[in-house]
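What the coordinates show
For reference, the chains in residue letters:
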Amino acid sequence: NRAVPPNINPIRDLASLPLTGLCSIVRRGLSTIAVSSFHGCLLGIFRCKGCKKTPYCSVDCQREDWKAHRHMCKSFDPETDSLNIQRIYLKDLNVTKYTKGAEIQGAVVEFNSPGRFFFLPEDPKVLEALMSITAELQKNPSSTVGTHYVPCVGEVCSVQFSCDLSWYRGLIQTLAADQKSAHVLYIDYGNAENVPVERIKPLNIATKPYCPCAMECQIAGVVPIVDSWSTECCMTVRQLLGAKTLTIKLVDTLKNGRVHTVDIQLSIGKQLSTFLLEQGYAFAEAAAVVLQYLISLLGALLEASMENFKRCCEGKDINEWAQPPEPLTLTIGDRFSVVVSHFQSPTDFIVQKVENAGVIQDLQLKLREHCSRVETQQDFRPAPGTVCCAQFSEDKQWYRAQVLAYSTEKSVCVGYIDFGNSEEVDLNHLRPISPALLALPKQAISCILAGVQPVEDSWSEECISTMLRMIANKTVNVEIQSAHKGKALVAIIEGEGYSEINVAELLISANYAAPADTNTLQQTEETPAPAEPPASPPVCEPLVWSCVELPSDGQTVVLSTSAVTSPAEFYCCNNSLSVFFTGDGKWYRAMVKELLGDVVKVNFVDFGHNMIVGKGCLRSITPKLLKLPFQAVRCWLSGVRPPGSEWSSEALLWFQNLVDGAQLLARVVSVSQQGYSVELESGGQSVAAALISQQFAKPSGNLCKDPVRSPTTKQEDLRGGDQSQASTPASNDTQAVCEDEEEPSEVATFSSAWKTTELPLNETFQPCVAAVINPTLFYLLRPVQNVDQQKLQEVMSELALHCSNYQSSSSVDSRPVPGAACCAQFSVDKIWYRAIILEVGEAEMTVVYADYGNSEKVPVSQILPIPTRLLQLPFKIIRCTLAGNEPFPVEWPAQVQQVFRSELLNVMATVQSFDGSANVLSLALPPERGGRNLAAVIQEMLHVHRKGSPLPDASQMPGSDAAEPSCIKLGSTTASPDEPEDAAEPADAVTNTQESTPQEQKEMDQPTSVHGWYRSGDNLQRRRNHSGRFLTD
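Let me sum up the structure you'll find in this document. Per chain, residues are indexed from 1 in the order of the written sequence. Thresholds applied to this predicted model are a pLDDT of at least 70 for local features of residues and 80 or more for the giving and counting of side-chain atom pairs; totals over whole chains, interfaces and linings are not thresholded and use all residues. The basis for every side-chain value is the complete set of heavy atoms in the structure, and neither hydrogens nor water enter the calculation.

Check the secondary structure of the protein and you find 18 helices and 53 strands. Relative accessibility decides the category of a residue: with a 1.4 Å probe and only protein chains considered, values under 20% of the type maximum give buried, values over 50% give exposed, and everything between is partly exposed. A total of 1033 residues make up the protein; the buried ones form 49% of that total. Here, Shrake-Rupley sampling with a 1.4 Å probe gives the accessible areas, and only protein chains in the shown set may cover a residue. Only carbon and sulfur atoms are counted for the fraction: they give 52% of the accessible area of the protein, which is about 50,200 Å². A run of H or I in DSSP becomes a helix once it reaches four residues, and a run of E becomes a strand once it reaches two; helices and strands are each numbered from the N terminus.

Once that is clear, we can look at helix 10 (residues 461-471). In terms of burial, helix 10 is largely enclosed, as 9 of its 11 residues are buried. Within the sequence span of helix 10, burial applies to E461, C463, I464, S465, T466, M467, L468, M470 and I471. Just past helix 10, the residue N473 takes up positive phi, approximately 60°.

A few words now on the pairing of strand 7 (residues 181-186). The pairing criterion is simple: DSSP has to find at least two bridges between the two strands. Here 5 bridges tie strand 6 (residues 167-175) to strand 7, and the two strands are oriented antiparallel to one another. Looking at strand 7, one finds that G170 is bridged to Y186. Here strand 6 folds back onto strand 7, and the loop between the two strands holds 5 residues, one of which, Q179, carries a positive phi near 60°. Examined bridge by bridge, strand 7 and strand 8 (residues 192-196) share 5 bridges and lie antiparallel to one another. What sits directly across from L185, in strand 8, is A192. Where strand 7 folds back onto strand 8 in an antiparallel hairpin, the turn is made up of 5 residues, including G190, whose phi is positive at roughly 95°.

What counts as a ring pair is set by centres within 6.5 Å for rings of Phe, Tyr and Trp (its six-membered ring), and what kind of pair is set by the plane angle: stacked under 30 degrees, edge-to-face over 60, tilted for all other angles. Tallied over the entire structure, the rule returns 22 aromatic pairs. Arranged with centres 6.2 Å apart and planes meeting at 80°, the rings of F161 and Y168 form a pair that is edge-to-face. The pair formed by F161 and Y168 is uniform in burial state, with each residue classed as buried. The interplanar angle of 80° and the centroid separation of 5.4 Å between the aromatic rings of F392 and Y416 together place this pair among those described as edge-to-face. In this pair, F392 is assigned in the loop between strand 17 (387-391) and strand 18 (398-406) and Y416 in strand 19 (residues 411-416), connecting sequence segments 24 residues apart. The exposure classification of F392 matches that of Y416, with both residues buried. Charge-over-ring contacts are defined here by two conditions on Lys NZ or Arg CZ: a distance within 6 Å of the ring centre and an angle within 35 degrees of the ring normal. In this structure, K353 packs its charged tip against the face of F336, placed 4.5 Å from the ring centre. One cation-aromatic arrangement involves R879 over W754; the distance from NZ or CZ to the ring centre is 3.9 Å.

In terms of burial, strand 22 (residues 444-449) is a largely internal element, 5 of the 6 residues being buried. For strand 16 (residues 348-353) and strand 22, the ladder comprises 4 bridges, and the chain directions are antiparallel. Bridge pairing in strand 22 places I350 opposite S446. Bridge count between strand 22 and strand 25 (residues 487-494): 3 bridges; the pairing is parallel. Paired with I448 across the two strands is L489, which belongs to strand 25.

Looking at where S341 falls in the secondary structure, it is placed in strand 15 (residues 335-345). A polar contact of 2.4 Å, which involves the side chain of S341, links it to the backbone oxygen of F419. Here a polar contact means two N or O atoms within 3.5 Å. Within protein one must be a hydrogen donor candidate and the other an acceptor candidate, and residues neighboring in sequence count only if both atoms are side-chain atoms.

This part takes up the sheet that holds strand 31 (residues 599-604). In spatial order, the strands read 30-31-32; together these 3 strands make up an open sheet with antiparallel pairing. Each having just a single partner strand, strand 30 (590-596) and strand 32 (610-614) make up the two edges of the open sheet. Strand-to-strand twist across the sheet, computed as the mean angle between neighbouring axes with direction ignored, equals 30°. Bridging between strand 31 and strand 32 involves 5 bridges; their strand directions are antiparallel. By the bridge assignment, K601 is partnered in strand 32 with I612. Each axis is a line fitted through C-alpha atoms, and for a helix only the stretch in contact is used; angles between axes span 0 to 180 degrees, taken between their N-to-C directions.

This part is about the packing of helix 16 (residues 894-904) against helix 17 (residues 934-946). It is the contact of helix 16 with helix 17, at a shortest axis distance of 10 Å, that shows an interaxial angle of 160°. Comparing their axes, helix 17 and helix 16 come out roughly antiparallel. Regarding helix 16 and helix 17, the two cross each other, and that crossing is right-handed. Here helix 16 contributes Q895, V896, V899, F900 and E903 to the contact with helix 17, which in turn contributes L934, I938, M941 and L942. All amino acids are sorted into three groups, where Ala, Val, Leu, Ile, Met, Phe, Trp, Tyr, Cys and Pro are nonpolar, Asp, Glu, Lys and Arg are charged, and the leftover types, Gly among them, are polar. A per-class count over the contact of helix 16 with helix 17 returns 7 nonpolar, 1 polar and 1 charged. Roughly parallel covers angles under 35 degrees, roughly antiparallel covers those over 145, roughly perpendicular covers 65 to 115, and oblique covers all other angles. Should the near helix be turned anticlockwise from the far one by less than a right angle, the crossing is termed left-handed; should it be turned clockwise, right-handed. Contact definition: two residues touch when any of their heavy atoms are within 4.5 Å.

Taken in spatial order, the 5 strands make up an open sheet running 20-19-18-17-21, and their pairing is antiparallel. The sheet terminates laterally at strand 20 (422-426) and strand 21 (430-431), the two strands that pair on one side only. In this fold helix 9 (residues 357-373) packs onto strand 17, strand 18 and strand 21, with an angle of close to 75° to the strand it touches most, strand 18.

For the rest of this paragraph, the subject is empty space enclosed by the protein. The probe, sized like a water molecule, is rolled over the atoms to show the empty space still left. The method works on a 1 Å grid over the protein atoms by themselves. A cavity is a set of points holding a 1.4 Å probe that cannot get out, a pocket is an open set with protein on both sides within 12 Å along at least five of seven lines, and residues with an atom within 4 Å of a point line them. Grid points are joined across faces, edges and corners, and a volume is the space filled by probe spheres set on the points. For the coordinates displayed, the defined rule picks out 7 cavities of 30 Å³ or more. Put simply, the largest cavity is a space of about 60 Å³. Considering the residues around the largest cavity, the lining is formed by I493, E500, I501, N502, E505, T622, K624 and L625. When the residues that make up the lining of the largest cavity are grouped by side-chain class, the tally is 3 nonpolar, 2 polar and 3 charged.

Any carboxyl oxygen of Asp or Glu that lies within 4 Å of a side-chain nitrogen of Lys or Arg is treated as forming a salt bridge with it. The full count for this structure, using the stated rule, is 20 salt bridges. We note a salt bridge from D606 to R589, for which the minimum N-O separation is 2.7 Å. With D606 in the loop between strand 31 and strand 32 and R589 in the loop between strand 29 (569-573) and strand 30, this residue pair connects regions lying 17 residues apart in the sequence. Judged by its relative accessible area of 10%, R589 falls in the buried class. The partner of R667 in a salt bridge is E679, and the shortest N-O contact between them spans 2.6 Å. Of this pair, R667 sits in strand 35 (residues 664-672) while E679 is found in strand 36 (residues 675-682), placing the two residues 12 residues apart along the sequence. In this structure R667 comes out as partly exposed when scored by relative accessible area, which is 26%. With a relative accessible area of 24%, E679 lands in the partly exposed category.

Residues enter a nonpolar core if they are buried and are Ala, Val, Leu, Ile, Met, Phe, Trp, Tyr or Cys, with the set joined through side-chain atoms within 4.5 Å. Ranked by internal contacts, the top residues of the largest apolar core, which has 44 residues, are Y779, I836, V847, Y849, I863, F875 and I877. When residues of this core are traced back to their parent elements, those giving at least two are strand 41 (769-774), strand 42 (777-781), helix 15 (789-809), strand 43 (821-825), strand 44 (832-840), strand 45 (844-849) and strand 47 (863-864). Counting residues in each nonpolar core, the second largest holds 36 residues, with V109, F118, V159 and F161 among its members.

Moving on, we come to the environment of Y281. Looking at the element boundaries, Y281 is found in the loop between helix 6 (272-278) and strand 14 (282-284). The sequence separation of Y281 and I225 amounts to 56 residues, and the corresponding C-alpha distance is 6.1 Å.

Glycine aside, residues mostly have negative phi angles, and peptide bonds mostly take the trans form. Phi angles above zero are rare outside glycine, and L165 is one such case at about 60°. Within the fold, L165 resides in the loop between strand 5 (156-160) and strand 6. Although it is not a glycine, N511 adopts a positive phi angle of roughly 65°. Along the chain, the position of N511 falls in the loop between helix 11 (503-509) and strand 27 (513-515).

Because each turn of an α-helix spans 3.6 residues, side chains separated by three or four positions in sequence point in the same direction. For helix 16, every residue scored as buried is listed here: V896, Q897, V899, F900, E903 and L904. For helix 16, the buried positions fall inside an angular range of 160° around the axis, keeping them on one side. In the core, the buried residues of helix 16 are packed alongside strand 41, strand 42, strand 49 (877-882), strand 51 (919-924) and helix 17. The arc in question is traced by the directions running from the helix axis to the C-beta atoms.

Listed below in structure tokens is the structure:
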């Protein structure tokens, strides 16, 4: 009897999906689809005789489309195709050949929804094809000089990407009416954009017909609950799939092998289709069809009403006396628990009192006894609207039912007045009812949700499905506020205690509903309410909150941990809370910690977890929901410190296993604005003593033997809310009782003395440049270099923790110099990385990311000093200097630096020595350019500069028109920055898959040429190109 939202039509939902390129005959069959700007058939092999461009699969297909196509059809212009260009269409390309049931590894490179995303396999053949296509298009883009080339819909062209101006294969999806621009899908990457026709050229016929490298996919076996996939669903799935190597299982292939239905194994141990069903984001595809059939059947029954009844009612007992009983008596202000037995919309649903469960059970016993004594009566034919006893088809029990309609002469549609559901039964399953059984009021209560009204003319399906998920199959509390047209106007409260949620307020905050004046609903149509001036908007109340306080007078309290980072930081609570799960779809109280463009870093104040979420996942909170203090209390373990500069992974694991899920005895040692220093006991042993005995920790000076009896920091200092931001200097009375007890602190600097990797002497290699400051200081990214991913993962985790703590308590108090190490926050994913400063400015600095080799300009506010311990793991980039016989200047002429940068891309390097700070390299030009030493060339330019003569530019250097360099500079400035490689994420870290700002999203959605070396022996699974796309080595 589970209620379902109305107006769910899977056939209509299917028709509303994007069907660009479907044959017009299919479009005619799905008449509800709005015809798009596309004309023709994407899979057609014939062309219109008029324009010679639009494809069709048959004459009938063309005839069906002519009404729309005739406005765009232009006669064939011989001058336009004077070069006799042979066009290439999608059908001309090879088809991806994978067998059903095959498991394919790769990464999602473009995600729109579970119904459409693009997957790049980690297949050497696919990646080789991608490299070959990209190189071929850059080398020899097609030329149509002197000819105005206009592409055709369905044609595969060479398209110049707007971000990096490189050429890629693009499928023309639509062409503007003025034929000046086209919407292009980059078939090897999955992203799309509008491109001017001037940047579209015909694909060279000599180009190999590789199949699209990016597989277009959809999740098999599921359909969205409403017309389209919700924003919440898409964001959640994007977080689960982004920046990860995934394994997909091919279920089926559609559209001539171009679209694949797949399922994905998630890291949480479930298939993605199962996750979508469990979270209420989707219906099973077969179930949706069945649901549509049941809804249609109910409509047919309602239309059969009186005619079938009158056909055979003559001389029959039509049961006119048995009218429905009175409804339950309700009083404004009543509050009670209910279950929802039927739901149509926020203004039409039925509930049943939980407290009347015993009364209903007693009624069922009486109905069973009554119907067992009454035999089937052939002349019993109750009229619509009357009440009788009906046998429910599922449990064969008897219930009070009202006759709604006659679907046939022998079948009746009845509604069960105590439950609200309905079904079709045979006349033989009806019995007359006795007056005594009608004495009990109807137990089903018809309700309207108070305080809301539709945003538009009617309730949106998204609003209906959201409310249904909140109240279905559970006990909720309702409060009677008024009555309207025989229905109770109620407020629904979901949850209890501090987790109470007012359903109406939530719908309004989510923009699913608009506020409604409940007094308006009480007005009758006959007596309209007098007009009143609009009320002024309510004044927002200041939000005031507090935190749970731990007793600091020596008491021992029972605590449990809710979030554990290390002995230096963990969160506790002293009550029983539900388990926090990042993907459960529930709402939690949270504090905004940092704004990061379209995403926000928040702290869940009742659990202690930090997470980055999209702004669409945030709702404003009401003062009522802040009455309960925040339940998570920040703590650190008193009396211990790590043996070295940091806590070892073994110590962290041991500490987490000891305290996680255990009942802990805690005693407060000291209090500060950051939280509580506590002593913990677990299982009768001191946690600090256990850490020390296992040699995971050392004592931190003098341990306090007595608890703090007069807390040095007032408990009010731990509260947030509408309080003064001014801080008062602490007096002598407010000093810490345990002077040796301090919070963990980190010493961070902008150090230039970081150690670089020492290269083997006399080794000759072709360098790959990461960044250049000047000839005496530049950085290389070697193609052969093993990276310890596990250690890099640990460093990234510690770096994130350091930057988070540092931001909240300190600011940059010194100016770095070029070449200094730092922490930099990458502009795309807002994650902190180790970096080297290249240029220092007033508002921003240029950095190169030391573990990845890409560079960008970063605001000064996103540059932080780095602790020395985080510099122990060698960087991936290598510090180098140019070997020379003569001393180099302190300040370099700009033209000399420009020549050095350009020549550095096409030289051979030989390691001469290591000066203790950098590798000293001898750089030689290639033999075809004379094989000269680059240092000698630089010295000659310096001599010319000292004499005051004009310096030659790079184009005037010997051999400047030689072959293209074979290694592309990773740190080059382009329209969008390189993105750091996808470092393995620590187990306890939050995966940062947030959505970018509009400009960043535009950059991330585009394909670009591949930059840098690709290696097989460094265990790097993927790196990102300029657009944020993942490419596999």
